[in-house]
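# Descriptive structure summary
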Amino acid sequence: MNIILLGPPGAGKGTQAHRLTEHHGMRQLSTGDMLRAAVKAQTPVGIKAKEVMDRGELVSDEIVSALIDAELEAMGDDVGAIFDGYPRTAAQAEQLDGILGKHNRALDHVIELEVDVDALVKRITGRFSCANCGALYHNTANPPEKEGVCDQCGGTEFKRRPDDNEETVRTRMDEYRRKTAPILPIYEERGIVTRVDGMGEIDDVTTAIESVIAPA
Ligand code: AP5
Ligand code: MG
């Protein structure tokens, strides 16, 4: 199974992708997470990407497609893939077709998380994650059960993303509207797009996605 989670910044792609890895043994392929790891490790890709990401603009198609290709190469053929935040341009959509073909994979579903853009700024500016294991939280919508302690690993240090400020979020939204939303028709023509309401409770969104990928 190969699925794309599509939606603007803060739609819940990372939150839902993580749950699918837990429930279905699939693998989350987040180009945002891969780029942030490269920035942290100060690799040549990370050094190049940092300023672009801090501005909220898109990193080059070649860089992100090479990251995805390398991850799929390293993954077992029988492990399902959840693409989180990729593809984001028409060129990346075309490159993904080539990469999937090379790895004998085919796309099963594109799930678009439908959200109210005004609510997203609130979601993003309230987001934080565990500095140790990366588990995602939100100040009000999804805080750890015990304040200051990660539910998943017991870690007590948390961090916020440098691009999660209001100004950068606006640029990220704009990039989504101009470059990413227009790729939906490519997949609509193939009849594999399902729209899911991304404004409900996190559990309800998961249930809706699961009814698409594994209908009862
Ligand atoms: P990336 O890391 O992909 O960021 P993004 O697309 O802006 O999306 P986010 O991670 O902000 O949101 P999300 O949908 O994952 O939401 P989340 O689950 O965290 O990209 C970052 C940057 O990297 C880009 O700007 C670009 O520079 C570069 N980049 C990455 N991929 C690229 C590519 N393919 N091409 C070029 N450049 C690329 O949820 C958000 C918050 O809301 C959390 O706090 C969560 O707890 C909460 N929440 C989630 N669901 C709900 C809900 N249902 N109700 C209430 N709260 C909720
Ligand atoms: Mg994310």
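Residues numbered from 1 in each chain as written. Chains lettered and ligands numbered in written order. Predicted model: local features only at pLDDT ≥ 70, side-chain atom pairs only at ≥ 80, totals over all residues. Heavy atoms only, no water.

## Description of the pattern of salt bridges
To keep it simple, the criterion reads: Every case where a carboxyl oxygen of Asp or Glu lies within 4 Å of a side-chain nitrogen of Lys or Arg is listed as a salt bridge. Here a helix means four or more residues in a row that DSSP labels H or I, a strand means two or more in a row labelled E, and each is numbered from the N terminus.
Enumeration according to the criterion identifies 19 salt bridges in this entry. Between lysine 102 and aspartate 69 there is a salt bridge, with the nearest N and O atoms lying 2.7 Å from each other. You can see lysine 102 sitting in helix H5 (residues 90-102) and its partner aspartate 69 sitting in helix H4 (residues 61-74), a full 33 residues away along the chain. Salt-bridge contacts for aspartate 174 lead to arginine 177; the nearest nitrogen and oxygen are separated by 2.5 Å.

## Description of the pairing of strand S5 (residues 127-130)
Both faces of the sheet carry side chains from a regular strand, because those side chains alternate between them. Just so we agree on the cut-off: A strand pair is defined by DSSP finding two or more bridges across the two strands.
In terms of strand pairing, S5 meets strand S6 (residues 136-138) through 3 bridges, oriented antiparallel. Paired with serine 129 across the two strands is leucine 136, which belongs to S6. Counted between consecutive antiparallel strands, the loop separating S5 from S6 contains 5 residues, among which glycine 134 sits at a positive phi close to 85°. Bridging between S5 and strand S7 (residues 158-159) involves 2 bridges; their strand directions are antiparallel. Counted as the bridge partner of serine 129 is lysine 159 from S7.

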